[in-house]
Structure formats: C-alpha cells, structure tokens
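Single-letter residue listing:
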Amino acid sequence: RVAVRVRPLSKRETKEGGRIIVEVDGKVAKIRNLKVDSRPDGFGDSREKVMAFGFDYCYWSVNPEDPQYASQDVVFQDLGMEVLSGVAKGYNICLFAYGQTGSGKTYTMLGPPASVGLTPRICEGLFIREKDCASLPSSCRIKVSFLEIYNERVRDLLKQSGQKKPYTLRVREHPEMGPYVQGLSQHVVTNYKQVIQLLEEGIANRITAATHVHEASSRSHAIFTIHYTQAILENNLPSEMASKINLVDLAGSERADPSYCKDRITEGANINKSLVTLGIVISTLAQNSQVFSSCQSLNSSVSNGGDSGILSSPSGTSSGGAPSRRQSYIPYRDSVLTWLLKDS
Amino acid sequence: MANVPWAEVCEKFQAALTLSRVELQKNPEKEPYKSKYSARALLEEVKALLGPAPEDEDERPEAEDGPGAGDHALGLPAEVVEPEGPVAQRAVRLAVIEFHLGVNHIDTEELSAGEEHLVKCLRLLRRYRLSHDCISLYIQAQNNLGILWSEREEIETAQAYLESSEALYTQYMKEVGCPPLDPTERFLPEEEKLTEQERSKRFEKVYTHNLYYLAQVYQHLEMFEKAAHYCHSTLKRQLEHNAYHPIEWAINAATLSQFYINKLCFMEARHCLSAANVIFGQTGKISATEDTPEAEGEVPELYHQRKGEIARCWIKYCLTLMQNAQLSMQTEFCPGWSAGVQWCDRSCNLCIPGSKDSPASASQDNIGELDLDKQSELRALRKKELDEEESIRKKAVQFGTGELCDAISAVEEKVSYLRPLDFEEARELFLLGQHYVFEAKEFFQIDGYVTDHIEVVQDHSALFKVLAFFETDMERRCKMHKRRIAMLEPLTVDLNPQYYLLVNRQIQFEIAHAYYDMMDLKVAIADRLRDPDSHIVKKINNLNKSALKYYQLFLDSLRDPNKVFPEHIGEDVLRPAMLAKFRVARLYGKIITADPKKELENLATSLEHYKFIVDYCEKHPEAAQEIEVELELSKEMVSLLPTKMERFRTKMALT
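Per an unreviewed UniProt entry, chain B goes by KIF-binding protein and derives from Macaca mulatta. Quoted verbatim from the Subcellular location (unreviewed entry) field of UniProt, the annotation for chain B is "Cytoplasm, Cytoskeleton".

An unreviewed UniProt entry annotates chain A as Kinesin-like protein originating from Macaca mulatta. Database annotation for chain A, UniProt heading Subcellular location (unreviewed entry): "Cytoplasm, Cytoskeleton". Its UniProt record gives chain A the following Sequence similarities (unreviewed entry) comment, quoted word for word: "Belongs to the TRAFAC class myosin-kinesin ATPase superfamily. Kinesin family."

Next comes the structure, spelled out in structure tokens:
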C-alpha cells in the first residue's frame, strides 16, 4: 500500500512566495503545473495542466485548522492499526517513509514529543495489546533493534558504549533465521517509555552526530525493528508466533546532496563521470540482457507410451516448468538496504 | 600582450584550480559551493586579465575550413592548424578559462551557464582543434557537454558530442600522433611542463573516459551490443594503461562475460572469463590505486568473495554452453500434436503420419532426446565454425598484448567455446563447471549465504541434468539424476520455509522432476528386459512415490496459512502448479500394482487430478494458455479414464 502526505509550507518556502500546487481529493493527489497555467493562450498546449496520481491513502496535513487536516493520529489509525493487526496474525510488516530531505519523513515516523508519529504510536499499540493478552501471563515478548545504513555500511545505533567508533556489521543469511545482521543488539522492552528512550538514544547516535559530515541524515537510512513474539495455542499445544515490524526512515533522495549525486548512477540518462562506476554499468548491461525464456532453459523428459513428455510452453516463460531461474549470474552490487528487507 | 602580467595570471589560475578541487564536504555546511564560487571569481579575474576574445572569425561560413569539408558543428576538420601568433595564443588561453568556468558552473548545477562557457570554449578552439596544442582540451570540452546534455535527458545530443570526440581522437592519432599538450600546462612555467610520457598518459585517459561515456550513452539508447563493445574497450584500455585495480577489473570482466553468455557469444565470454582469471591472479602484486581498500580486515574478505563470484560466472558459462548444445540437438515436440490432433498430417519430419486409431505418438517417444540427425548436421557445421574461428577472433576485442595475451590464451586453450556435440565434449565442460562449483562453495557457504549457496547447488544439479542428455547409457543417466537428488534433498530439510519460500519451491519441484525422470528411465530399462523382476518394479514404484511426495510438497506450499488451496493460483506459480498437478495425475496412473482394488483407486485419483486441470482452465482461461499441451492431454484422459475404470470394475466383478 502507498500513502502520500502533504506537509505545510516551510518558513523558507513561505518567504520565497511559494504556492501550494498540490491538491488532495479522496484517494487522488493532484499536482498543478504552474508553467502551463500561466501562459496567455493555453490553446494548443498539449501538456497537462493538472496531473493526478492515485494512492491508497492521501493525507492533507497542510493546515491544522482545515477540516480535512490529517493529524498524526489519523495517519496512525489507518496505517498504524493495519500494522498492528497484521503483526497479531503473525505477518512481517515493513513501513517505509520516502521523500526528499525536509519533506517531513521524520515528522511522520517519529514526530516531536508534542505530537508523536507512527513509530511511538505503534509501540504503544503493542503494549496496550499486551495488557489485553489474557490467555497466558507474559505472553508477548517485545524486542527492538535499531540500525543505520550509511555508505552501504551497517551500524548498530544501540550498541552499548565501550566501542569508541561504531564498527560495521555484516549482513548474512541463515538457513533458519533468514537474512539478519550479525551482531545487531536486541533490547527487550516492557513499556512504552523504554522504547522512546531507546529511540532517542539511537537517533543521537546517527551519523549526523559526527560533526564533520553535514546533512548526513539525508544520506543514511535508519531501520527500527520491533520483534514481536506471541505465545499462542496451535492445535492445543503452546507455540510461538514471531513477527517483525521494520520501520524504515529512508535517506533523502540524492538530489538533495550535490556531491553525492556525482558518484552514483541516478535515474534517467545521466552519464557517470568517474570510471569507478564502470562495474555498475556493466552489471546493468548484463542484467538487461537476461532472458527467462525457454530458449535457454530446458524441459526435457523421457516419455513413454502415449503420454507426451512435458515441454516448454509456447510462451516460454519458465525453466523446467519450475519457478523461473536466471541463465547468468550477476555479481551482487545492489544496496544493502534492499537485501536486508527481502523477507518482509 | 605585454601588459598582461603573466606571472599573476598563472598564479591566479593555479589558485582557482586548487579551489576547484576542494572537496565539497570541506565547505561550511550551509555553503557547499563556497570554494567553487571563489574559484569562479578567480577565473573571471584571469579572463579579464587576458583581455577580450579575438574576433569571432569562426562565425564566417564554413568555406574557411576548406572546400567541401562538410564541416558542420561536429564534423571532422580537414587539416591541422596550429595556433600560432599572439591572437591565436590568446584565443587558446581564453578557451582554457572558458572550459574551467564551464565545468565550474556545471559543478554548481548551473547547466545553462556551463553550456554557454563550454560552447564558447569550443568556438575559440575550433580552427585549431586538431592541433597538438588544443585537441585534448577540445575533446574534454565536448565530453563535458555530452555529460551535460545527458543530464537534460537529450541523449542524442550527448551522443553527437561524444562521437565527435571519438572521431577526432582517431583522426589525431592517425595524422599527428605525438602526445598532445595537456590543458593544465597552459598556465604552468616552462620547468613544470609535463613529459611526453605523462602527456600521453593523460590524453589516453581522456579517451578512455570518452569510450566509457559512449558505452553509457549506447546503453541508454538500448544499443546493447555496442554498449558492451565499448565497455569491453574501456576495460582493455585500463589494462593497457595500467590504470586498474585487479580485483575490480576481474569482476568487471567476469560480469561482462555474462552479457556475452546471454547473447550466446561464447568466444567473447570465454575471453573475458579467462582474462578475469589472469588479472585476478595479479592481486597482491599491484599496489593500491585510486580505489583504496576500505578497512584493513575487509580486503581479504572481498578477495574471497570476488573469487567465488568469478567462479559462479564460469559455472554459468559451462552450463549455458551445454544447454545451448542440448537445445540444438534435442528432438522437438511436434506442433501438430499440441493442437490436440491425434495424428500428424503435416509434413514435419518428426512425426510418422498416422491415423485416428494409431496416433502418431510413436514418434513422440523421444521428445527431449538427442536427435542423431541434428547431431550429424551440427558436426558438419563444426568444420565451418573452426575455419571461421580465426577471422572471428581478429574482429573481436582482445585484451592485452604480449605476455598478458599469452597468459590469457593459456587459459582459453583449456576451454572450448564451441557447443559440445557428444558425451566426451560435454563431459569436459561438465568437469570444468564442477570444478568451479567447488570453488564457489568455498565462499558461498550455506551459513551466511543461503540463497547464493543454493543457487550454486542448483547449477551443479543442472550440470548433471544436461550431462545426462549426452549420456547414452540409461543406467548411468539414472545415476546422474540420483546425484542431483542427493545434493538437493538435504537443502529442503534445514531451510526456513517462510524466508526461503521461492527457493524451497524451486528445489522441491526440481527433486520431484528428477525422481520423475528416473522413474521413466527405469521403466524404459524394464521394458527392454525380457522378464522385468519384482525388484525393478519395486524400484519404479518407490521412485514414483518419491516424485509424488515432492510434487505434493510443492503444491502444499501454495496453500494459505489455513491450509486451503487457493481458488485463484498466482501468475508466477501458475504454470509450475499446473504441471505439478498434471504429473501427479500421470504418476498415479503409473503405479504398478497387482491389487485391482488399489489400481482402481489410483486411477480414480489420477482422474481427479486431470479433472482439476480441466476445470481450472475452464474457470481461468489464462491458465489454458500456459499449459496448452497438458490441457489437451488432460481432456483426453478425462474422457478415456472413466471408460477404462468401468472396464476394470466389470472385470473385477466377474472374477
């Protein structure tokens, strides 16, 4: 599901005379192209004046006085409650906040103490639920972990002090446990206050805190993970059901940091200046040339009698009939983030 | 000219350059471009000191450059014109300043201004662009314009600039050749001028980047072969000019080989992989370059990882080559059959035309088997391929010269790039692939790299499977399938089904199919014996049971948490799910039992599954498209089986 939220104009925007060109109408967000609008003769201009985009939820949070105003609570009621109900059923949930630096992601995810955002509210919801777990005493266990991905390196934001410099954690896969971050500390929490404390501690440890790197929070992703284990009865036998909630505060899109965008391939047709990215260019080439078709994959069988062997279909979409496999191997260049969140 | 305080000019210019190179992070937080703006100011001062630009002589019509030169903006110059005399010299100096101003504006995201300066630079240099003094700067200015236009998403314009640079370089090397002046030397005192060697190095670097930018442009234009060719050239040049990091280079070459594999260009793929091996082996001998390794402990880790990755690229080479051979030599399925036609009245050379009563199925017996006719055809073709080899090799981009070239050839010689035509040739590739499987597994161990490890094992299984195709002896083929099962089965035990759903399904399906193939082989073997004994019957039934088990596991994995089979099967698992059902149906029909009651039960179950397929496809027409063949056969069985079962019941009642 995708939700969009509109924030009020910032001080700078108001000072510069910025206008709000976004409009929300039910589940549709509309953006007005001012340039098209201001032309004297709009005839014959094929560009759209208003572009509309559909979402699962649209939140108008521009003016608190507005009857349409979507407060932190409103957002929580929709998205947060869904997370909670999914978790109760044993699903893993992942909640991403995406947008440019300054677009309000942290406000929505964390929020100021006066009006907390999704993360604290979801935690609160879990604790309330725990009180309601009547079946067994201490039937729910909640652990949290908090990591940061910066420059493709993973750091534990809740590492007990002792290490002067935060070192890099390795991301691995375990057959039983799936992908995990080796050495990431998990902290048991029993009440809401503890969670907030850990959150604040983690935030203070983020790379922004390092003085010589500016606006770094715009370049690092932070993932706050809640491990929720419930004791349940399955076939009348006590069993455990574990779910994970990943709350991801994504880095601001690269354009916000000018020095950053020179080093990475961005969307569109930008050419990369440095040969450092030759590997990425080659990887992309190889990846694009992959086919999943039957021309390289096979489906042979020894048949007997009247029954025909099973063969690749005319549309040729699968290999051996089994769920598809690739015909070539592209050495891993992807970001740590996508790999880590594979399981939810 | 005498008024120009040359020393001051140089000083300011150098200061400007130094400022330009200040890292953005070193600037105050709210003013990331401060150093750039300071540099810009200095450059403007230098520009003022140099005086006004010479009259725009180049605004005059093209006739200036020679008759019929066809010299439009980006065309090639007709001749080399050296910038001699004070006017020309001033033009060139100004051009350098304009260039740096252009780059400066681009760095501060002021593209229009940047473009203006760069175009001005080009205009000033235009007459002299093929000269020793100016060519490097001209090409660099064009390249930067190319990059600029790419940011505006006008990729064709970018292409034009970059191709022009490329052509200019080629022309220069042909007509002039000596290493040109590097633009930075313009404002350096005589003593500090660069050596020929250094000039050459820098100029070649510019051209290498030119090729790299073109590779990217071609990729965006979806001219993939060309893009690959340019990537290939870039890699080649990195080697030639000793400007590479062995591990990085090797993995890039190995990745490029995958592109070639996907395009079935095995000679090129082999070359890339062999080069990757050789260069990778140089690690440790070459000192750190521009890409300095990160942390102390990380270098060895990366080394082993890359080694494993290169091994995996090799595995794919062997596998794809063998599979490609199989594809060209296997008996095809007759399309007439798939339309549900019981006999083939098409003039296909596969089917023996039959009639309604004796369908042409006899010829379908060998579907997927090695077709001897095709094999001989390919053998005849082989000679031609070998003859053409030299000419193809000459056209291809070859890495390295001299010693390096020999080292690479040494690796290449041990591997064939031609499709294997018989068991012996296939076995060679198999053994090589297997060698790399072991190497890959050294790094990609299951604890830590589950997905990768499993993919390697799947490749290993696939190697056996394709080798089995070439094996003529049925017992030995059985053994190969048995090996596959032995390596795949343990994987399903430890895996968490929640995290590794897709992979689990793939493995289950593959194991089931391996058992299925083994069963069919045993049946074929039994058919050839005069007296199939109870031992082999038991074996066949056991294999049948195992195949059923795994198909059932696979199908069960599609159920929801409440164990209900989905009403609507997802698109990504639709075909495999249908196939699984089909094979389950067939398997039940093939259980050998002496007990008539059991037999009837089995037939009933078989019918049930065939029915499911027919019913599902009726409700979901998109499914019908996925399994045309199986659907036809299922419909057939749904109509035939009840009659068969009835006859059975009657027979039972009578005894």
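Here the narrative resumes, following the displayed structure.
Glancing now at the overall build of chain B. Looking only at helices and strands, one finds 24 helices and 0 strands in chain B. For chain B, the proportion of its 655 residues judged to be buried stands at 51%. When the accessible surface of chain B is split by element, carbon and sulfur atoms take 52% of a total near 30,900 Å².

To continue, consider the nonpolar core. Judged by nonpolar contacts, the single largest core of 196 residues is most densely connected at Trp249(B), Leu256(B) and Tyr317(B). It is helix α19 (residues 501–528) of chain B that contributes the most residues to this core, 15 residues altogether. Of the residues that make up this core, three or more belong to each of domain 1 (6–53 + 79–264) and domain 2 (566–654) of chain B. In contact with Leu256(B), not counting residues within four places along its chain, are Ile282(A), Ala228(B), Cys231(B), His232(B), Leu235(B) and Cys272(B). Core analysis: the next-biggest nonpolar cluster, separate from the first, contains 35 residues, Val83(A), Leu126(A), Cys140(A) and Leu198(A) among them.

We now examine the UniProt feature "binding site: ATP" (unreviewed entry) in chain A. All names here are of chain A. UniProt tags Gly99, Gln100, Thr101, Gly102, Ser103, Gly104, Lys105 and Thr106 as "binding site: ATP" (unreviewed entry). Looking at the secondary structure, you find Gly102 in the loop between β6 (93–97) and α4 (105–109). Since its relative accessible area comes to 53%, Gly102 is described here as exposed.

Residue and element names in this part refer to chain B. Between helix α10 (residues 266–280) and helix α15 (residues 402–413), whose axes approach to 8 Å, the crossing angle comes to 115°. In the packing of α10 onto α15, the handedness of the crossing is right-handed. Of α15, the residues touching α10 (which contributes Arg270, His271, Ser274, Ala275, Asn277, Val278 and Ile279) are Leu404, Ala407, Ile408, Val411 and Glu412. Of the residues assigned to the contact of α10 with α15, the class counts are 7 nonpolar, 3 polar and 2 charged.

The next thing to look at is helix α18 (residues 474–494) of chain B. All names here are of chain B. Taking 1.5 Å per residue as the helical rise, α18 with its 21 residues ought to reach 30 Å, and the 32 Å between its terminal C-alpha atoms agrees with that figure. If you follow the buried residues of α18, they end up packed against α16 (423–443), α17 (450–470) and α19. Where α18 starts, the residue carrying a side-chain oxygen 2.9 Å from the main-chain nitrogen of Glu475 turns out to be Asp473.

Residues and elements named next belong to chain B. Per-residue pLDDT for chain B averages 85, and the proportion of residues at 70 or more is 89%. Taken element by element, chain B is modelled with least confidence in helix α13 (residues 361–364), mean pLDDT 43, and with most confidence in α16, mean pLDDT 96. Across residues 352–364, where pLDDT falls below 50, the model places 24 contacts with residues more than four positions away in sequence or in other chains. For this predicted complex, the interface confidence score (ipTM) comes to 0.85, while the overall pTM stands at 0.79.

Note: most residues except glycine have negative phi, and most peptide bonds are trans. Residue and element names in this part refer to chain B. In this structure, Glu153 takes a positive phi of about 65° despite not being glycine. Topologically, Glu153 is positioned in the loop between α5 (135–151) and α6 (155–175). A positive phi angle is found at Leu264, which is not glycine, with a value near 65°. With respect to the helices and strands, the residue Leu264 is situated in the loop between α9 (246–262) and α10.

Residues and elements named next belong to chain B. Considering all chains together, one arrives at 38 salt bridges over all chains under this definition. One salt bridge connects Arg199 with Glu185, and the closest N-O pair in it is separated by 2.9 Å. Residue Arg199 is found in helix α7 (residues 196–220), and its partner Glu185 is found in the loop between α6 and α7; the two are separated by 14 residues along the sequence. Comparing Arg199 with Glu185 shows no difference in burial state: the two are buried. Two residues, Glu475 and Lys522, come together in a salt bridge whose shortest N-O distance is 3.5 Å. Remark: Lys522 occurs in helix α19 and Glu475 occurs in helix α18; sequence separation between them is 47 residues. Look at Lys522 and you get buried, because its relative accessible area is 6%. Salt bridges sharing common partners tie together Glu8, Lys12 and Glu45.

Residue and element names in this part refer to chain A. Split by domain assignment, chain A resolves into domain 1 (1–34 + 48–70) and domain 2 (71–254). The partner domain 2 presents 11 residues to the 8 residues of domain 1 that form the contact. Summing the contributions of domain 1 and of domain 2, the shared interface buries around 820 Å²; its carbon and sulfur component is 50%. Area buried by domain 1 at its contact with domain 2 is led by Arg5, Arg7 and Tyr59, which between them contribute 58% of it. There are 1 salt bridge connecting domain 1 and domain 2. Between Glu82 and Arg1 there is a salt bridge whose closest N-O contact spans 2.9 Å. Along the contact surface separating domain 1 from domain 2 lie 5 residue pairs in polar contact (both at pLDDT 80 or more).

A word on the side chain of His453(B). Residues and elements named next belong to chain B. Inspection of the secondary structure puts His453 in helix α17. With a relative accessible area of 13%, His453 lands in the buried category. Among the polar contacts listed, one links the side chain of His453 to the backbone oxygen of Phe444, at a separation of 2.9 Å. Among residues more than four places away in sequence, those in contact with His453 are Lys441, Phe444, Gln445, Ile446 and Leu491.

Fine structural detail should not be taken from predicted coordinates in areas where pLDDT scores are low. Residues and elements named next belong to chain A. Residue-level pLDDT values for chain A average 72, and 67% of them are 70 or greater. Mean pLDDT across the secondary structure elements of chain A bottoms out at helix α7 (residues 258–261), with 37, and peaks at strand β11 (residues 187–188), with 90. Within the model, the stretch residues 254–267 combines pLDDT values under 50 with 22 contacts to residues more than four positions away or in other chains. Predicted confidence for residues 293–320 stays below pLDDT 50, and this span has 86 contacts to residues more than four positions away or in other chains.

Along the polypeptide, Leu378(B) turns up in helix α14 (residues 372–395). Each C-alpha atom of the pair Leu378(B) and Ala325(B) lies 9.5 Å from the other, and the pair is 53 residues apart in sequence.

The next thing to look at is the packing of aromatic side chains. Aromatic rings considered in pairs are described by the distance between their centres and by the relative angle of their planes. Counted according to the given criterion, the structure contains 28 aromatic pairs over all chains. Residues Phe146(A) and Phe224(A) carry aromatic rings whose centres are separated by 5.2 Å and whose planes lie at 85° to one another, so their mutual orientation is edge-to-face. Placement of Phe146(A) in strand β7 (residues 140–150) and of Phe224(A) in strand β12 (residues 220–234) is noted, with a sequence separation of 78 residues between them. In this structure Phe146(A) comes out as buried when scored by relative accessible area, which is 4%. Taking 5.8 Å as the distance between ring centres and 80° as the angle between the ring planes, the aromatic pair formed by Trp314(B) and Tyr317(B) counts as edge-to-face. Taken together, the residues Trp314(B) and Tyr317(B), both in helix α11 (residues 298–329) and 3 residues apart, mark about one turn of the helix. Across this residue pair, the class does not change: Trp314(B) and Tyr317(B) are buried.

On to the sheet that holds strand β4 (residues 50–54) of chain A. Residue and element names in this part refer to chain A. Strand order in this open sheet of 3 strands is β2-β3-β4, and the pairing throughout is antiparallel. In this open sheet, the two edge strands, each paired with only one partner strand, are β2 (22–25) and β4. Neighbour-to-neighbour, the strand axes of the sheet open up by a mean angle of 25°, direction not taken into account. Relative to β4, strand β3 (residues 28–32) runs antiparallel, the two sharing 5 bridges. Bridge pairing in β4 links Ile31 to Met51.

The rules behind these values
Residues numbered from 1 in each chain as written. Chains lettered and ligands numbered in written order. Predicted model: local features only at pLDDT ≥ 70, side-chain atom pairs only at ≥ 80, totals over all residues. Heavy atoms only, no water. UniProt positions renumbered as here; feature names shortened; annotations may be inferred. Helix = DSSP H or I, 4+ residues; strand = E, 2+ residues; numbered from the N terminus. Buried < 20%, exposed > 50% of the residue type's maximum accessible area, 1.4 Å probe, protein only. Areas by Shrake-Rupley, 256 points an atom, 1.4 Å probe, with all protein chains shown as cover. Core = buried A, V, L, I, M, F, W, Y, C linked by side-chain atoms within 4.5 Å. Domains from an automatic or database assignment. Contact = heavy atoms within 4.5 Å. Axes fitted to C-alpha atoms, helices over the stretch in contact; angles between N-to-C directions. Left-handed = near helix turned anticlockwise from the far one by under 90°. Nonpolar A, V, L, I, M, F, W, Y, C, P; charged D, E, K, R; others polar. Expected span 1.5 Å × (residues − 1). Polar contact = N/O pair within 3.5 Å; in protein donor to acceptor, adjacent residues only side chain to side chain. pLDDT = per-residue confidence, 0-100. Salt bridge = Lys/Arg side-chain N within 4 Å of Asp/Glu carboxyl O. Buried area = accessible area lost by both parts, 1.4 Å probe. Phe/Tyr/Trp six-rings, centres within 6.5 Å; stacked < 30°, edge-to-face > 60°. Pairing = 2+ DSSP bridges.

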